[in-house]
Amino acid sequence: MQTVHCATPPNSLFSNLELRRKETEVKMYSLQERKGHVYQEVSEPQDDDYLYCENCQNFFIDSCDVHGPSTFVKDSAVDKGHPNHAALTLPPGLRIRPSGIPEAGLGVWNEASFLPVGLHFGPYEGQITEDDEGNSGCSWQITKERNCYMYGNGKDESWANWMRYVNCAPDDEEQNLVAFQYRRQIFYRTCWVIRPDCELLVWYGDKYGHKL
């Protein structure tokens, strides 16, 4: 099967390894309901206040000195508890439909204009718990402080948002989103230009991604 690349590289390439080394530690249980794998970005909890500029390839607090503040895409407003809350929170221009990854179920696709590098989606929504018991394949482990965590479980569609449907890329070359923790919440950031009619895909790091 021919691979179709839906992401366009930014003006300057960055080191995935270096980025993952610096990003705040986050862990995730596979969005595709696979068990036994944990995905992580490794760094220190104090990095929780930093954002990353894809163009400058530098971390900053609040606003990049060159490119200004980051752009955060808001979810569509829906009351919590609505049975289709997750799907209805989808921002304009995105659509939930079958994933292009075999046996991955549903995925999120761009059906509008080109999505530029550096867009921020989130935060990831779900029910917050203090332990990982009973967490599903749609759960994030969030660092509160060193060796202290909480969990955002997106299994319940009446509490989760659309980000629960974003799948893991088959490999880091096909990713177009980076997952990271910011102020005790999980966000996704575009690391490539995403063309229309392409699926949004996150990569969780070399150590765990190859196990998918």
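First things first, this report covers the structure right here in the doc. Predicted model, so just to flag it, every value in this text is computed and none were measured.

When its secondary structure is counted, the protein shows three helices and 20 strands. Considering the protein as a whole, with its 212 residues, one finds that 49% of them fall into the buried category. Long-range contacts, defined here as pairs at least 24 residues apart, represent 64% of the contacts in the protein between residues at least 6 apart. Accessible surface, the protein as shown: approximately 10700 Å² in total, 50% of it carbon and sulfur.

Strand order in this open sheet of six strands is S8-S11-S17-S16-S20-S15, and the pairing throughout is mixed. Here the strands that pair on one side only, and so sit at the sheet edges, are strand S8 (71–73) and strand S15 (167–168). Sheet topology note: the S8/strand S11 (residues 119–121) ladder contains three bridges and is parallel. Each residue of the ladder has a partner; that of Phe72, found in S11, is His120.

Cis rather than trans, the peptide bond between Gly122 and Pro123 has omega equal to 10°. As for its position among the elements, Pro123 is in the loop between S11 and strand S12 (127–129). Non-glycine residue Asp62 carries a positive phi angle of around 75°. By secondary structure assignment, the location of Asp62 is in the loop between strand S5 (58–60) and strand S6 (63–64). Phi at Arg183 is positive, roughly 50°, even though this residue is not glycine. With respect to the helices and strands, Arg183 occurs in the loop between strand S16 (177–182) and strand S17 (185–190).

Time to look at the environment of Ser63. Mapped onto the elements of the fold, Ser63 is located in strand S6. Take Ser63: its relative accessible area is 31%, and that puts it in the partly exposed class. Excluding residues within four positions of it along the chain, Ser63 makes contact with Gly68 and Pro69.

Attention now goes to the nonpolar core. With 23 residues, the main nonpolar core has Leu94, Val108, Phe121, Trp162, Leu177, Tyr188 and Leu200 as its most contacted residues. When residues of this core are traced back to their parent elements, those giving at least two are S11, S16 and S17.

The next thing to look at is the environment of Asn153. Mapped onto the elements of the fold, Asn153 is located in strand S14 (residues 148–153). Asn153 sits 27 residues away from Gly126 along the chain, and the two C-alpha atoms are 4.7 Å apart.

Moving on to the state of the cysteines. Applying the stated criterion across every chain, the model contains zero disulfides. Between Cys53, a cysteine without a disulfide, and Cys56, which holds the nearest cysteine sulfur, the sulfur-to-sulfur distance is 3.8 Å. Of all cysteine sulfurs in the structure, the one in Cys64 sits closest to Cys56, which takes part in no disulfide; the separation is 3.7 Å.

For the rest of this paragraph, the subject is the sheet that holds strand S19 (residues 198–199). Spatially, S9-S10-S19 is the arrangement adopted by the three strands of the open sheet, whose pairing is antiparallel. At either end of the open sheet lies a strand with only one pairing partner, and these are strand S9 (94–98) and S19. As paired elements, strand S10 (residues 106–110) and S19 share two bridges and run antiparallel to each other. Paired with Asn110 across the bridge in S19 is Cys198.

Before going further, it helps to spend a moment on the pairing of S16. With six of six residues buried, S16 is to be regarded as a mostly interior element. Going residue by residue along S16, you find Leu177, Ala179 and Gln181 tucked away on one face and Val178, Phe180 and Tyr182 tucked away on the opposite face as well. With six bridges connecting them, S16 and S17 associate as antiparallel partners. Residue pairing in the sheet places Gln181 in a bridge with Ile186 of S17.

Another aspect to go through is the side chain of Thr190. Tracing the backbone shows Thr190 in strand S17. At 2.9 Å, the side chain of Thr190 forms a polar contact with the backbone nitrogen of Gly118. A distance of 2.8 Å separates the side chain of Thr190 from the backbone nitrogen of Leu119, its partner in a polar contact. Beyond its immediate stretch of four places on either side in the chain, Thr190 contacts Glu54, Pro116, Val117, Gly118, Leu119, Phe121, Asn176 and Leu177.

Each value, and the rule that gives it
- Residues numbered from 1 in each chain as written.
- Predicted model: local features only at pLDDT ≥ 70, side-chain atom pairs only at ≥ 80, totals over all residues.
- Heavy atoms only, no water.
- Helix = DSSP H or I, 4+ residues; strand = E, 2+ residues; numbered from the N terminus.
- Buried < 20%, exposed > 50% of the residue type's maximum accessible area, 1.4 Å probe, protein only.
- Contact = heavy atoms within 4.5 Å.
- Areas by Shrake-Rupley, 256 points an atom, 1.4 Å probe, with all protein chains shown as cover.
- Pairing = 2+ DSSP bridges.
- Core = buried A, V, L, I, M, F, W, Y, C linked by side-chain atoms within 4.5 Å.
- Disulfide = S-S within 2.5 Å.
- Polar contact = N/O pair within 3.5 Å; in protein donor to acceptor, adjacent residues only side chain to side chain.

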